[in-house]
Amino acid sequence: MPRARIAMHSIEEILRLRHECGCSQREIARSCGLSAGTVNKLLQLAGQAGLSWPLPPELDEAALQQRLYGRPAGAGPSARREAIDFAALHKELIQRKHLTLMLLWQEYREQHGDGYGYSQFCELYRQWKSRQDPVMRQEHKAGERLFVDYAGQTVAIEEAATGQTREAVIFVATLGASSYFYAEASWGQDVACWIGSHVHAFEDFGGVPEILVPDNLKSGVTKACRYEPVLNRSYKEMARHYGVAIVPARAYRPKDKSMVS
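The structure presented is a predicted model; accordingly, all values stated were derived computationally and were not measured. (Residues numbered from 1 in each chain as written. Predicted model: local features only at pLDDT ≥ 70, side-chain atom pairs only at ≥ 80, totals over all residues. Heavy atoms only, no water.)

### A look at the packing of aromatic side chains
Step number 1: Tallying each qualifying case throughout the model produces 12 aromatic pairs.
Step number 2: Judged by centre distance (6.0 Å) and plane angle (75°), the rings of Y150 and F171 are edge-to-face. Here F171 lies in strand 2 (residues 165-175) and Y150 lies in strand 1 (residues 145-158), a separation of 21 residues in the sequence.
Step number 3: R166 extends its terminal NZ or CZ atom over the ring of W187, reaching a point 3.9 Å from the ring centre. (Phe/Tyr/Trp six-rings, centres within 6.5 Å; stacked < 30°, edge-to-face > 60°. Helix = DSSP H or I, 4+ residues; strand = E, 2+ residues; numbered from the N terminus. Lys NZ or Arg CZ within 6 Å of the ring centre and 35° of its normal.)

### Section: the sheet that holds strand 3 (residues 181-186)
Paired through backbone hydrogen bonds, the strands of a sheet run either parallel or antiparallel to each other.
Step number 1: Spatially, 3-2-1-4-7 is the arrangement adopted by the five strands of the open sheet, whose pairing is mixed. Of all strands in the sheet, those with a lone pairing partner are strand 3 and strand 7 (245-246), marking the two edges.
Step number 2: Bridge count for strand 1 against strand 2 is 10 bridges, and the pairing is antiparallel. Within the sheet, the bridge partner assigned to T154 lies in strand 2 and is V169. (Pairing = 2+ DSSP bridges.)

### Regarding the pairing of strand 4 (residues 211-214)
The side chains of a regular strand alternate between the sheet's two faces.
Step number 1: Because side chains alternate across strand 4, one face comprises the buried residues I211 and V213, and the other comprises L212 and P214, equally buried.
Step number 2: Bridge count between strand 1 and strand 4: four bridges; the pairing is parallel. By the bridge assignment, L146 is partnered in strand 4 with L212.
Step number 3: Bridge count between strand 4 and strand 7: two bridges; the pairing is parallel. Considered in strand 7, the bridge of I211 is made with A245. (Buried < 20%, exposed > 50% of the residue type's maximum accessible area, 1.4 Å probe, protein only.)

### Considering the confidence of the model for the chain
Step number 1: Mean pLDDT for the chain: 77, with 78% of residues reaching 70 or above.
Step number 2: Of all the helices and strands in the chain, strand 6 (residues 230-231) carries the lowest mean pLDDT, 60, while helix 8 (residues 191-205) carries the highest, 92.
Step number 3: Confidence drops under a pLDDT of 50 for residues 72-80, and excluding neighbours within four residues, the segment shows 12 contacts in the predicted structure. (pLDDT = per-residue confidence, 0-100. Contact = heavy atoms within 4.5 Å.)

Set out below in structure tokens:
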């Protein structure tokens, strides 16, 4: 199957939007009805070919295709298939909600019209994934898990009114996919402080995750059973109010532990 090519009028519009209007690749993709991957690939090819905007007036479509793709339009498919960056595809797959291998393959074929078919693409991905370290790899989808815990160290805070120094604990909440975190100091680890810190974290993030992962703290878990920790009633009511699930880290399971530990 010959490599998919972009019509000259679309190439001109992509270059114009990029160099004359300063649009982002995603803005260009929406404007031209193309995928962001296709726009990215075209801009890479144009840069390698030394093409900008405006295009030279003497450059017709055949010459443009030759400059971009290295052979005239209508030529047979290349026998060489470029290696697929499955690490980048895998990262995108676990960080973007509702993204599937089918969508990634479609973007891949838009950039490589003579590339692998869907079945072979999936098989290559499966083979790549099976070679990764099964112990060290942790996968988190965007917005799915929020790891919550208290940091081990405390901080000394001097009260302005009395001049006395008190030790405060540090609550930390970390999003699994991005590692973006929220932290605040509180006077204790009681239920009121624990739940209040969660509420402040949600407000700071501007939303709530699908799953909360606490590390078997007394504030949130009343009984640290190896398989089914019993959640504190107030903590469960907070979760119900916000529509989130609480899945405490299991004992003796390091991979379950909070990313803030």
